[in-house]
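Listed below are the residues making up each chain.
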Amino acid sequence: MENRFEKQQEEKQDWGAYVKPPQTSSPSQESEASAQNSAPLVQRYEPKEASLALCEQVRELLPALVESDGTIRPEMAATIFAHLTVCRDCAREFDELQRIVAVLNSLPMTPLPHDYSGLIMQRIEREMGGLYPLMELPPNWATSSWNGEAAQSTNPLNRSHSSEPIVQLLSQSTLPLRQRVILLGAFFATLLLFLTNGWGRTSLGASMSTLHDWLQQIAQATESVPFLGTIVAEGFGVLAQSVHLLEETYLHIGANAMRGVFFDVALATGIYLLYQGRNQKAKQAGI
Amino acid sequence: MRTETLVEHSDADLVRQTLCGNKTAYNTLVQRYQRQVYNLAYRMLGNAEDSGDLVQETFLRAYSALASFRQDASFLTWLYKIASNLCIDQLRSRKTRSALSLDSEREEGREPASEARCSAPEDMAVRGAVQEVVHHAIQNLPERYRQVVVMRHLQDMSVEEIAQALDLPTGTVKTHLFRAREMLRGRLRPVLEMEADGK
């Protein structure tokens, strides 16, 4: 009957191939082996005798072992160390790795040639003095205690405000971005007024059919002029066609649907501009 | 009086105070981290003058983008992110410049200065400048490897923090570290042997 316990023990010897001497076939080799047995473990086997695949496995794990970052379990570490005691090449590699890490870690922090804070604050004042405040100062920030746990709990600045990023984002876009969004909004609002309001169309003469007629007249007038005139006429013709198409769509789907379409376009453009502005700021910061 | 208490305050609070318009708070942050940023720059760029400029630029950019700092990572990691990007930009522009000057030196039949400097690490070690040799070996690493080595061994950052600062997966950071150490092992072997013999 098969002895399962013996088999299990043999399987466990996977790492221990270096601990056990290899089987010898002749009596002369046996005497050599017994002579080797008396020598220290490290000198007993050359790496040629060891499994190269196992050495490769161990070497792959050496950086993690040097790093000691917890990725290698203690039992695995023990097995690797057992291997290192018998494999000279792997032991040398481990030793070199350790020395490299030690040499790198021993490099001192370079002292600052001088304090840059004054210079930096001067440049901030000069180049971007008006950038902040973005947020309102909490009423008690100056009077609250700034150390210990009490400060952590009582100071309103320590609390996390879910709305802060939005506040920051809106305030951050104070400048060109906010102006762009306002201008865009005004433009779409005016367009909506022209398109959906009878007064807008009639009083300002922005009726689409009138516009269509005008564009067609211009196209016809310029058509007679050779070369450039023909090109200009083509351009105006296309514009007139587009206005006509818009007018047809407007009459067909109605003013409310048109308002909705323009609102969607305005919203999408606004979101795009905000996103672009944010990216631009991060890019400027080198992030 | 306020400055004294600000020194003890956390980064997150100093950032919020800066956003509220308190410049002293930002000054405290600069004083707190300028040395770390300078060291990162110094090990990446290799000279004090450029490193000083880079410290200034990093803190200016951080100030202008402070509102976008979301505190997912520490303020220092965020600073490192800005500084390392600036370092890469600087190294790239320097590479372009040196390629041009290298061509002109070769045209004139002179040996490029940088190659002459790199050629004899043993000599430098004999002069007792082991640290100088190591510093020089780091300087000669490819940029991406240099970044992780400097952050891991000189700034004492964890692999996760480096991954966060460089926007890289942790596996990639580990691979870069491994390759960087392999390169350094090859280049610093004489120094390591000399040190071992000395001991």
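Fair warning: this is a prediction, and the values are worked out from it, not measured in the lab.

Criteria and cut-off values
Position numbers for residues start from 1 in each chain and track the written sequence from start to end. Each chain is given a letter, starting from A, and each ligand a number, starting from 1, according to the order in which they appear as written. Owing to the predicted nature of the model, reporting of local features is limited to residues with pLDDT of at least 70; listing and counting of side-chain atom pairs is limited to 80 or more, with chain, interface and lining totals taken over all residues. Side-chain calculation: all heavy atoms of the structure are included, whereas hydrogens and water are not. As used in this record, nonpolar core signifies buried Ala, Val, Leu, Ile, Met, Phe, Trp, Tyr and Cys residues forming a set joined through side-chain atoms within 4.5 Å. Exposure is judged per residue with a 1.4 Å probe applied to protein chains only, and the accessible area is read against the type maximum: over 50% gives exposed, under 20% gives buried, and values in between give partly exposed. For helices the rule is a DSSP run of H or I covering at least 4 residues; for strands it is a run of E covering at least 2, with both sets numbered from the N terminus onward. Throughout, a residue-residue contact means that at least one pair of heavy atoms, one from each residue, lies within 4.5 Å. Residues enter patches when their relative accessible area tops 30% and they take part in no salt bridge; the joining distance is 9 Å for like charges and 5 Å for the nonpolar side chains Val, Leu, Ile, Met, Phe, Trp and Tyr. Note on areas: these come from Shrake-Rupley sampling with a 1.4 Å probe, and a residue is covered only by the protein chains present in the view. The salt bridge definition used is simple: a Lys or Arg side-chain nitrogen within 4 Å of an Asp or Glu carboxyl oxygen. pLDDT is a residue-level measure of predictor confidence that goes from 0 to 100. Put simply, two rings from Phe, Tyr or Trp (the six-membered ring, in Trp's case) pair if the centres are within 6.5 Å, and we call them stacked under 30 degrees between planes, edge-to-face over 60, tilted for the rest. Geometrically, a charge over a ring is one whose NZ (Lys) or CZ (Arg) sits within 6 Å of the ring centre while staying within 35 degrees of the ring normal. Helix span, as expected, comes to 1.5 Å for every residue beyond the first. Of all possible arcs, the one meant is that of the directions from the helix axis to the C-beta atoms.

Student: What should I look at first to understand the nonpolar core in this one?
Tutor: Where a protein is soluble and globular, its nonpolar side chains tend to be buried together. Among the nonpolar cores identified, the biggest contains 70 residues, and Tyr26, Phe59, Phe75, Ile138, Leu184 and Leu188 of chain B are the most heavily contacted of them. Counting residues per element, this core draws most heavily on helix 3 (residues 23-45) of chain B, which supplies 12 residues. The contact partners of Leu184 of chain B, leaving out residues within four places of it in the chain, are Ile100 and Leu104 of chain A together with Ala137, Ile138, Leu141, Val149 and Arg189 of chain B. With 14 residues, the next largest nonpolar core counts Leu62, Leu65, Val66 and Cys87 of chain A among its residues.

Student: Looking at this model, I keep getting lost on a nonpolar patch on the surface. Mind explaining?
Tutor: Taken together, Phe227, Leu228 and Ile231 of chain A make up a surface patch of nonpolar side chains, about 410 Å² in accessible area. With respect to the helices, strands and loops of the structure, Ile231 of chain A is situated in helix 13 (residues 228-253).

Student: In this structure, what is going on with the confidence of the model for chain A? I would like to understand it.
Tutor: In regions of low pLDDT, the predicted coordinates are not meant to be interpreted in detail. Confidence in the prediction of chain A, expressed as mean pLDDT, is 67, and 56% of residues score 70 or more. Scored below 50 in pLDDT, residues 1-44 of chain A shows 32 contacts in the model against residues more than four places distant or in partner chains.

Student: How do you make sense of the packing of aromatic side chains when you look at a structure like this?
Tutor: The description of an aromatic ring pair uses the distance of the two centres, along with the angle that the planes make with each other. Residue and element names in this part refer to chain B. Within this structure, the stated rule accounts for nine aromatic pairs over all chains. On the numbers, 6.5 Å between centres and 75° between planes, the contact of Tyr26 with Phe59 is edge-to-face. Highlighted residues: Tyr26 in helix 3 and Phe59 in helix 4 (residues 48-64), separated in sequence by 33 residues. For the pair Tyr26 and Phe59, one class covers both residues: buried. Three or more aromatic residues link up through ring pairs in this structure, and these residues are Tyr33, Phe69, Phe75 and Trp78. Seen from the ring of Tyr145, Arg144 lies directly overhead, with NZ or CZ sitting 4.8 Å from the centre.

Student: Even after reading the chapter, I still don't get helix 12 (residues 208-223) of chain A, so can you show me in this structure?
Tutor: Since the α-helix advances by 3.6 residues per turn, residues separated by three or four positions end up pointing in the same direction. Residues and elements named next belong to chain A. Helix length check: helix 12, at 16 residues, gives a terminal C-alpha distance of 22 Å against a target of 22 Å (1.5 Å per residue), a fit within 8%. Of all the residues in helix 12, the buried ones are Met208, His212, Leu215 and Ala219. Relative to the axis of helix 12, the buried residues are bounded by an arc of 65° and lie together on one face. Exposed positions of helix 12 whose direction lies more than 90 degrees from the buried face are Gln220 and Ala221.

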